[in-house]
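Summary of structural features
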Amino acid sequence: MSPLDDSQQLAAQLLARRWLPRSHPLVKRALIDTELWNQLGARLAGVGLQLVDNVHADHIAVALMRPAESAVFGETGLAANNNLDIPRDGVALLVVLWSLIVLPKRQRQVARSDAIHAGQGEFFATDKPMPQAASVAPLISYRSLLADFGDQLGKKLRLDTNLKLLERHGFVTRRGEDIAEGPLLDLLIDYDLLAPRILDGALGDVLARAGHPVSRPEEAEQQDIDD
């Protein structure tokens, strides 16, 4: 059997591990090598999968293509609120954690990226690096989460059960008593769809009353300029 080429190796690793860090040597190459990226996408598309990438995230992942979803989950699965069998209170916890981690992270990334860009001057105007998620994503205290949202999220037993489930699926990681962004938190949830619903909806008010106000990245950028 002939050795695997780079696109085959990447496809195999993504299928086996579900996600890979952007710092992985082959991933780093694929992100700047259009031919390799396209070859990888074509191999995954051959089995109904697509690459999921986000410049704000530190990983890439694979997900089902839309046409493959009905073949895999059927009509019943497509009508469910998620296809990972996460219970409703688990989905609520996921949305709260996404709001507490991803929204502030985006604000910090945009503010720092613009600050770097401003310092580079016009000569480097096309090069606008995005700070790594790990360097700007906040850690969420488990005790604070339980105190602020435990009643709404099913008390300690349900909160602990759902946290383990979200960790197993790669949405969060645990660092002692803290909860951190997992590889899939900013990849599999559509920011453009969810962020306005939170910022302009009832959850934004709930977060603010609990002492976790959230705002749009451009508002954080303006605050940084004002300061």
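Each remark here, short or long, concerns the structure printed above.
Let's shift gears to the packing of helix α2 (residues 25-32) against helix α3 (residues 34-45). A pair of packed helices is characterised by two quantities: the angle between their axes and the separation of those axes. Two numbers describe how α2 lies on α3: the axes approach to 5 Å, and their chain directions differ by 110°. Classified by the angle between their axes, α2 and α3 sit roughly perpendicular to one another. Across from L26, R29, A30, L31 and I32 in α2, the residues of α3 making contact are T34, L36 and W37. Classifying every residue of the contact of α2 with α3 by side-chain character gives six nonpolar, one polar and one charged.

This brings us to the sheet that holds strand β6 (residues 178-181). As summarised here, the arrangement of the three strands in space is β4-β6-β5, forming an open sheet in which the pairing is antiparallel. Sheet topology places β4 (140-141) and β5 (172-175) at the edges, where each strand pairs with a single neighbour. Against the sheet, helix α8 (residues 155-168) makes contact with β5 and β6, and its axis sits at roughly 115° relative to β5, the strand it touches most.

What follows deals with the pattern of salt bridges. Taken as a whole and assessed by the stated rule, the structure comprises twelve salt bridges. The salt bridge involving E69 is made with R66; its shortest N-O contact spans 3.1 Å. Of the two residues, E69 and R66 are both situated in helix α4 (residues 66-79); the distance of three residues between them amounts to about one turn of the helix. Of the residues examined, E69 reaches a relative accessible area of 14% and is grouped as buried. Exposure remark for R66: the relative accessible area of 67% places this residue in the exposed category. Across the pair E177 and R143 runs a salt bridge whose closest N-O atoms are separated by 3.5 Å. Separated by 34 residues along the polypeptide, E177 in the loop between β5 and β6 and R143 in helix α7 (residues 142-149) bring together distant segments of the chain. One connected set of salt bridges, linked through shared partners, spans K105, R106, E181 and D186.

Glancing now at α7. Side chains three or four residues apart in an α-helix point the same way, a direct result of the helix having 3.6 residues per turn. Along α7, the residues that are buried comprise Y142, L145 and F149. The arc that holds every buried residue of α7, seen down its axis, measures 65°, which confines them to one face. The exposed set on the far side of α7, more than 90 degrees from its buried face, consists of R143 and A147.

As summarised here, the arrangement of the three strands in space is β1-β3-β2, forming an open sheet in which the pairing is antiparallel. Of all strands in the sheet, those bounded by a partner on one side alone are β1 (19-21) and β2 (49-52). Within this sheet the neighbouring strands show an average axis-to-axis angle of 20°, counted without direction. Pairing of β2 with strand β3 (residues 59-64) involves four bridges; the strand directions are antiparallel.

Looking now at the environment of S141. The residue S141 is located in strand β4 in this model. The class for S141 is partly exposed, based on a relative accessible area of 27%.

Counting through the fold element by element, R106 comes out in helix α5 (residues 88-120). The class of R106 is buried, set by a relative accessible area of 8%. In this structure the side chain of R106 is engaged in a polar contact, spanning 3.1 Å, whose partner is the side chain of D186.

Topologically, S7 is positioned in helix α1 (residues 6-17). At 2.8 Å, the side chain of S7 forms a polar contact with the side chain of D5. Those residues in contact with S7 that lie beyond four places of it in its chain are L36, Q39, L40 and R43.

The full count for this structure, using the stated rule, is one aromatic pair. Aromatic pair W98 and Y191: ring centres 5.7 Å apart, planes at 50°, arrangement tilted. Here Y191 lies in helix α9 (residues 191-199) and W98 lies in helix α5, a separation of 93 residues in the sequence. A cation over an aromatic ring shows up here: R106 above the ring of Y191, its NZ or CZ 4.0 Å from the ring centre.

Calculation rules
- Residues numbered from 1 in each chain as written.
- Predicted model: local features only at pLDDT ≥ 70, side-chain atom pairs only at ≥ 80, totals over all residues.
- Heavy atoms only, no water.
- Axes fitted to C-alpha atoms, helices over the stretch in contact; angles between N-to-C directions.
- Helix = DSSP H or I, 4+ residues; strand = E, 2+ residues; numbered from the N terminus.
- Parallel < 35°, antiparallel > 145°, perpendicular 65-115°, else oblique.
- Contact = heavy atoms within 4.5 Å.
- Nonpolar A, V, L, I, M, F, W, Y, C, P; charged D, E, K, R; others polar.
- Pairing = 2+ DSSP bridges.
- Salt bridge = Lys/Arg side-chain N within 4 Å of Asp/Glu carboxyl O.
- Buried < 20%, exposed > 50% of the residue type's maximum accessible area, 1.4 Å probe, protein only.
- Arc of directions from axis to C-beta.
- Polar contact = N/O pair within 3.5 Å; in protein donor to acceptor, adjacent residues only side chain to side chain.
- Phe/Tyr/Trp six-rings, centres within 6.5 Å; stacked < 30°, edge-to-face > 60°.
- Lys NZ or Arg CZ within 6 Å of the ring centre and 35° of its normal.

So far we have only geometry, and geometry alone does not tell us how the molecule works.
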